[in-house]
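# Architecture at a glance
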Amino acid sequence: MILEIKYRPALKSDLKFLLGLRVQTMNPHLIANSLPVSDEAHLQRVEYQFEHATIIEINKRAIGLLKVHRQANNIELIQIQVAPSYQGKGIGRRILNDLIKEAIESEKSITLSVLKTNQAKNLYLSVGFGSVTPTVS
């Protein structure tokens, strides 16, 4: 069965859902990197570039978050989070492939960043993203 993925703009009324989603999907990675997991820290990240946030829905049920900033020459994937009960079903891969297709068709680059310990890194690499480690000068 192919799940139909729909998107709708995120609203301030989605904040409770988005905070819960962030805790479920990000706490293990943040803890592993000694990064803050307070409600305040999560809220800051949820609200970061909120104008680019969309809710991922399946059967009219919110199951995730996608934040994409489309610029003149680049598509920046800011955040993608899929509820644990929907992970492993190909949803993230389909979303990423759609973004890659959009980038190719619009002749734009596509960028993202991910914590080294985040398992999603393997998904990003498998769909064609390269790995670049930033250097500090």
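Structure: see above.
Description of the structure in this document. Predicted model, so just to flag it, every value in this text is computed and none were measured. (Residues numbered from 1 in each chain as written. Predicted model: local features only at pLDDT ≥ 70, side-chain atom pairs only at ≥ 80, totals over all residues. Heavy atoms only, no water.)

Take the side chain of N74 next. With respect to the helices and strands, the residue N74 is situated in strand 4 (residues 74-82). Residue N74 is classed as buried on the basis of its relative accessible area of 13%. Within polar-contact distance, the side chain of N74 engages the side chain of S109 at 2.7 Å. (Helix = DSSP H or I, 4+ residues; strand = E, 2+ residues; numbered from the N terminus. Buried < 20%, exposed > 50% of the residue type's maximum accessible area, 1.4 Å probe, protein only. Polar contact = N/O pair within 3.5 Å; in protein donor to acceptor, adjacent residues only side chain to side chain.)

This next bit is on unusual backbone geometry. What is expected of a backbone is that most residues other than glycine have negative phi and most peptide bonds are trans. With a phi close to 50 degrees, N59 is a non-glycine residue in the positive phi region. Tracing the sequence through the fold places N59 in the loop between strand 2 (53-58) and strand 3 (61-70). In this structure, E107 is a non-glycine residue whose phi angle is positive, near 55 degrees.

Turning to the nonpolar core, a few remarks are in order. Counting 32 residues, the largest nonpolar core has L18, L66, L77, I91, I95 and L99 as its most contacted members. Contributing elements (two or more residues each) for this core: helix 1 (15-32), strand 2, strand 3, strand 4 and helix 3 (91-105). When residues in this core are grouped by element, the largest group, six residues, is from helix 3. If we skip the residues at most four places from it in the chain, I91 touches L3, I5, I58, I63, V82 and Y86. (Core = buried A, V, L, I, M, F, W, Y, C linked by side-chain atoms within 4.5 Å. Contact = heavy atoms within 4.5 Å.)

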